[in-house]
Amino acid sequence: MSWTRTFLAALGVCVLLLTGTAGCDSDAARGQGENGVSSSPVGKVLDDTDGEGRHLREVDEDDAPEVGIEVQPDPDADGAWDVRLTLRDFRFSAAGAQTRAVAGRGLAHLYVDDRLVTRLRTPEYRLASGLVPRGTHQVTVRLYADDGTVWAVDGDPVESTAALTASEAETTAPPTANPSGAVLSAPGVRSRTGGRGSPDRAGKAS
C-alpha cells in the first residue's frame with residue numbers, strides 16, 4: 001500500500017507542475033498581448049499604396065504629422081539647391097530604429113519628378129545640380145513610419161511638393177529676402193500647393 005501512496009503522490013506533483021506551467025505560460029501570453037505592439041497599433045494600414053508600393057497608414061488629422069518643404073539655390077555651389085523641411089508633430093528616428101510604427105516618428109523620402117533621391121533623417125539636404133538640370137522640376141517630401149508604411153490622412157500621404165524652374169542663369173542667382181524676411185526667393189522658382197499634411201498647406205520653392 002505504501003508504494004501505491006508514493007506513486008499517487010508523485011503523480012499529483014507532476015499534475016501540479018504541468019498545470020502550473022501551463023498557467024504561467026497563459027499569463028505570459030496574455031501579458032505579451034497587452035504590452036505588444038500589435039495589440040495597440042498606430043492608425044490603420046490601408047490597402048492603398050504610394051508610388052513605391054508602400055501601404056498607407058491612416059491616422060486621425062489631430063494625430064497626424066505635418067511637413068512643409070522649401071527649396072532655394074545654394075549660393076556656394078553652382079547649380080545646387082538647398083532643401084529645408086518644416087516639421088510639426090514629427091521627429092526623425094535614428095538609423096537602426098526598430099521596424100515598427102511609432103506615432104509621430106519615422107523618416108522622410110525625397111523625390112525629384114517622382115524619382116526617389118534619398119531617405120532623410122535630418123531636415124536639410126543639398127540637391128546636386130545633376131539632379132535638377134535645366135527645366136521645371138517637382139520636389140516632393142513624404143513622411144514614412146519606421147516600418148515602411150506611409151503616414152496618411154483621409155487616404156492621402158502626408159507630403160509636400162515644391163516646383164522649381166532651373167536654368168544656367170537662374171541656378172547661380174543669389175537668393176534675396178522679401179520685405180517680411182520670412183521667405184527667401186530667387187528668379188525662376190515658383191511654388192505649388194503641397195500634399196496633405198504640410199504645416200502651411202503649401203510646399204515652397206524659394
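Residues numbered from 1 in each chain as written. Predicted model: local features only at pLDDT ≥ 70, side-chain atom pairs only at ≥ 80, totals over all residues. Heavy atoms only, no water.

Quick look at the overall build of the protein
Inference 1: On a plain count of helices and strands, the protein comes out with two helices and 15 strands.
Inference 2: With 206 residues in all, the protein has 38% of them scored as buried.
Inference 3: For the protein, contacts bridging at least 24 residues in sequence account for 62% of all contacts bridging at least 6.
Inference 4: Surface summary for the protein: the accessible area is close to 11500 Å², and the carbon and sulfur share equals 52%. (Helix = DSSP H or I, 4+ residues; strand = E, 2+ residues; numbered from the N terminus. Buried < 20%, exposed > 50% of the residue type's maximum accessible area, 1.4 Å probe, protein only. Contact = heavy atoms within 4.5 Å. Areas by Shrake-Rupley, 256 points an atom, 1.4 Å probe, with all protein chains shown as cover.)

Some remarks on the nonpolar core
Inference 1: Grouped together as the largest cluster of nonpolar side chains are 28 residues, with contacts concentrated most on Ile 69, Val 71, Leu 85, Leu 110, Leu 127, Val 139 and Trp 151.
Inference 2: Elements supplying a minimum of two residues to this core: strand 3 (66-73), strand 4 (81-88), strand 6 (105-112), strand 9 (135-144), strand 10 (150-153) and strand 12 (159-166).
Inference 3: Apart from the residues within four sequence positions on either side, Leu 85 is in contact with Gly 68, Ile 69, Phe 92, Ala 108, Leu 120, Thr 122, Pro 123 and Val 141.
Inference 4: Counting seven residues, the second largest nonpolar core, distinct from the first, contains Leu 46, Leu 56, Leu 107 and Ala 152. (Core = buried A, V, L, I, M, F, W, Y, C linked by side-chain atoms within 4.5 Å.)

Quick word on a negative patch on the surface
Inference 1: A contiguous patch of negative charge on the surface is contributed by Asp 60, Asp 62, Asp 63 and Asp 89.
Inference 2: As for its position among the elements, Asp 62 is in the loop between strand 2 (55-58) and strand 3. (Patch = residues over 30% accessible without salt bridge, like charges linked within 9 Å, V, L, I, M, F, W, Y side chains within 5 Å. Salt bridge = Lys/Arg side-chain N within 4 Å of Asp/Glu carboxyl O. Lys, Arg positive; Asp, Glu negative; His and termini not counted. Charge placed at Lys NZ, Arg CZ, Asp CG, Glu CD.)

Some thoughts on the packing of aromatic side chains
Inference 1: This structure, assessed with the given rule, holds one aromatic pair.
Inference 2: Taken together, a centroid distance of 5.7 Å and an interplanar angle of 85 degrees make the contact between Phe 90 and Phe 92 edge-to-face.
Inference 3: For Phe 90, a relative accessible area of 8% corresponds to the buried category. (Phe/Tyr/Trp six-rings, centres within 6.5 Å; stacked < 30°, edge-to-face > 60°.)

Structural notes on the pairing of strand 9
Inference 1: Of all ten residues making up strand 9, seven are buried, and the element is well covered by its neighbours.
Inference 2: Judged from the six bridges that link them, strand 6 and strand 9 form a sheet pairing that is antiparallel. Bridge assignment links His 109 to a residue of strand 9, and that residue is Arg 142.
Inference 3: When strand 9 meets strand 12, the two strands line up antiparallel, connected through eight bridges. Among the inter-strand pairings, Thr 136 is bridged to a residue of strand 12, identified as Thr 165. (Pairing = 2+ DSSP bridges.)

Considerations on unusual backbone geometry
The phi angle of most residues is negative, glycine excepted, and most peptide bonds adopt the trans form.
Inference 1: Even without a glycine there, the phi angle at Asp 89 is positive, about 55 degrees.
Inference 2: Position of Asp 89 among the secondary structure elements: in the loop between strand 4 and strand 5 (91-92).
Inference 3: In this structure, Asp 113 is a non-glycine residue whose phi angle is positive, near 55 degrees.
Inference 4: With respect to the secondary-structure elements, Asp 113 resides in the loop between strand 6 and strand 7 (115-120).

Some details on the side chain of Thr 149
Inference 1: By secondary structure assignment, the location of Thr 149 is in the loop between strand 9 and strand 10.
Inference 2: Polar side-chain contacts of Thr 149 include one of 2.9 Å to the side chain of Arg 57.
Inference 3: The contacts of Thr 149, once residues within four sequence positions are left out, are Val 45, His 55, Arg 57 and Tyr 144. (Polar contact = N/O pair within 3.5 Å; in protein donor to acceptor, adjacent residues only side chain to side chain.)

Comments concerning the environment of Leu 85
Inference 1: Checked against the element boundaries, Leu 85 lands in strand 4.
Inference 2: Judged by relative accessible area, which is 9%, Leu 85 ranks as buried.

Brief notes about the side chain of Ser 93
Inference 1: Locating Ser 93 in the fold gives a position in the loop between strand 5 and strand 6.
Inference 2: Here the side chain of Ser 93 touches Asp 146 through a polar contact of 2.6 Å, side chain to side chain.
Inference 3: If we skip the residues at most four places from it in the chain, Ser 93 touches Arg 105, Gly 106, Arg 121 and Asp 146.

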